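# Geometric and topological summary
What follows is the residue order along each chain.
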Amino acid sequence: MALASSVMVPYVAYLRVYEPLAAFPEPERSHWARYAEREHTPTAQDEQRRALADLLPTPPVPVPVHESADAFVAVVDGVTCVCPWRTRLRGWQALEALEELLPAPVLDAALPPVVRRQAATDYEQWRERNPDARPWTRGATWHVPVRWFVLFDDEEREYTKSDQGSHLRYRTPMVQARRRVARGLRTLRDTLEEGPLIDGLVDVGRWLEEFHPRSLVELDYGGLVHAVPEEQLAEDRSAAEVAEGLAALRDGDGERAGVAYEKLSDRWRAVRERQFSS
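Notes on the structure in this doc start here. Per-chain numbering applies: the sequence of each chain, read as written, is numbered from 1 onward. Where local features are concerned, this predicted model is filtered to residues with pLDDT of at least 70; where side-chain atom pairs are given and counted, the filter is 80 or more; whole-chain, interface and lining totals use all residues. Here the side-chain values reflect all heavy atoms present in the structure, with hydrogen atoms and water set aside.

Bringing the overall build of the chain into the picture now. To qualify as a helix, a DSSP run of H or I must reach at least 4 residues; to qualify as a strand, a run of E must reach at least 2; elements of each kind are numbered from the N terminus. Regarding its fold elements, the chain presents eleven helices and seven strands. Burial classes: relative accessible area under 20% of the type maximum marks a residue as buried, over 50% as exposed, and values in between as partly exposed (1.4 Å probe, protein chains only). Looking at the 278 residues of the chain, the share that counts as buried comes to 46%. Note on contacts: a residue pair qualifies if any of its non-hydrogen atoms lie within 4.5 Å across the two residues. Sequence separation of at least 24 residues holds for 76% of the intrachain contacts in the chain that already meet a minimum separation of 6. The accessible surface values rely on the Shrake-Rupley method and a 1.4 Å probe; as for residues, cover is taken only from the protein chains in view. With an accessible surface of roughly 14,700 Å², the chain has 50% of that area assigned to carbon and sulfur atoms.

Below, the structure is given as structure tokens:
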């Protein structure tokens, strides 16, 4: 995460899970309880600024030496929920994915092979001690994966615009997210052949099952708001288009499903093309 969400690929969307304090064992539960009582807690922008700072030294530090003790906080129906950053774990995972994202010469210039080998060794040793660890946040560069929108309803869309910039997110209870994943999978398996869309939704569903049932699930456009023209962002109804496409498939209307998918694809293709023109 530290690298993939900063200098090389600056525009990232996030899928986050906020778990209630009851989901955490002691002493971590007490730590997050005290943390949530702070008057001010760091923002997503603070997290990215810290990631950028790690890339300034020579050689760069692709993965933090210590795990972050920060989290995002949300209060859901009077229940405090937290989404731990787990910056170190996400940094290791992002580092593994870089070889598929960047040409070898570019990657070697940014992060020398010796640095990457040491990080890989550290991660392997850490995984042996923490085999069940998983991040509370997933990231996607230059787009929002179609499968993420399956988790949300258009009415859960929250778009705001202020002097600090635009913000677009969706939030839904975990029980709703799981229900929509299950229903979406049934529709896709009944109407389509096995493929990346089904595989990706299965993967998201398995990830969600690892969290407390009273958690909150959030899709945050993050830095993508800077890659989409303001008027398009204000009119973006991607979750509605995904829901429309799934409904059309259930009705056996392939043409209507194709129109919804084409609208969605055209929108995100235009965003991803900016990656190669910036």
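From this point, the narrative continues.
For a helix, the expected span equals 1.5 Å multiplied by the residue count minus one. Look at helix α8 (residues 196–208): 18 Å from first C-alpha to last across 13 residues, which is about the 18 Å you get at 1.5 Å a residue. Turning to α8, its buried residues are I198, G200, L201, V202, V204, G205, W207 and L208. Elements in contact with the buried residues of α8: β1 (12–20), β4 (137–141), α6 (146–149), α7 (174–191) and β7 (216–220).

With that settled, consider the packing of aromatic side chains. Paired rings are identified among Phe, Tyr and Trp, the last through its six-membered ring, by centres lying within 6.5 Å, and are further divided according to the angle between planes into stacked (under 30 degrees), edge-to-face (over 60) and tilted (the rest). Taken as a whole and judged by the stated rule, the model has eleven aromatic pairs. Between F149 and Y170 the ring centres are 6.2 Å apart and the planes differ by 80°, which places this aromatic pair in the edge-to-face class. Pair noted here: F149 is in helix α6 and Y170 is in strand β6 (residues 165–173), with a separation of 21 residues, a long-range link. Ring geometry for F149 against Y221: centres 6.4 Å apart, planes inclined by 65°, an arrangement best described as edge-to-face. Residue F149 is located in helix α6, and its partner Y221 is located in the loop between β7 and α9 (230–235); the two are separated by 72 residues in the primary sequence.

Between N-to-C directions, angles cover 0 to 180 degrees, with each direction set by a line fitted to C-alpha atoms, over the stretch in contact for helices. Between α7 and α8, the least distance of the axes is 10 Å, while the angle of their chain directions is 155°. Taken together, the axes of α7 and α8 lie roughly antiparallel to each other. As for how α7 packs across α8, the hand of that crossing is left-handed. Where α7 approaches α8, its residues M174, A177, R178, V181, G184, L185, L188 and R189 are matched on the opposing element by L197, I198, L201, V202, G205 and L208. Partitioning the contact of α7 with α8 into residue classes produces ten nonpolar, two polar and two charged. Here is the rule for angles: anything less than 35 degrees is roughly parallel, anything more than 145 is roughly antiparallel, 65 through 115 is roughly perpendicular, and the remaining ranges are oblique. In this scheme the crossing of two helices becomes right-handed for a clockwise turn of the near helix relative to the far one and left-handed for an anticlockwise turn of less than a right angle. Residue classes follow a fixed rule: Ala, Val, Leu, Ile, Met, Phe, Trp, Tyr, Cys and Pro count as nonpolar, while Asp, Glu, Lys and Arg count as charged, and any other residue, Gly among them, counts as polar.

Within this document, salt bridges are pairs made up of a side-chain nitrogen of Lys or Arg and a carboxyl oxygen of Asp or Glu, the two lying within 4 Å of each other. Counted by the stated rule, this structure contains 18 salt bridges. With a closest N to O distance of 3.6 Å, E210 and R134 form a salt bridge. Taken together, the residues span a long stretch of sequence, with E210 in the loop between α8 and β7 and R134 in the loop between α5 (113–129) and β4 at a distance of 76 residues. Using a relative accessible area of 42% as the deciding quantity, one classes E210 as partly exposed. Judged by its relative accessible area of 18%, R134 is buried. In the salt-bridge network here, residues are joined through shared partners; they are R16, E158, R169, R171, E218 and D220.

Moving on: the packing of α7 against helix α10 (residues 238–250). How two helices pack is summed up by the angle between their axes together with the distance between the axes. Where α7 meets α10, the axes come as close as 9 Å, and the angle between the chain directions of the two elements is 50°. Considered as vectors, α7 and α10 are oriented oblique to each other. With respect to the hand of their crossing, α7 and α10 are arranged in left-handed fashion. Here α7 contributes R183, G184, T187, L188 and T191 to the contact with α10, which in turn contributes L246, L249 and R250.

Let us now look at unusual backbone geometry. Here E26 and P27 are connected by a cis peptide whose omega angle stands at 5°. Within the secondary structure, P27 is located in the loop between β1 and α1 (28–36). Phi is positive for R86, close to 45°, though the residue is something other than glycine. In this structure, R86 sits in the loop between β3 (79–84) and α3 (87–101). Accessibility expressed as a relative area gives 17% for R86, which makes it buried. Phi at W142 takes a positive value of approximately 65°, unusual for a residue other than glycine. Examined against the element boundaries, W142 turns out to sit in the loop between β4 and α6.

On their own, these measurements won't tell you what the molecule is for.
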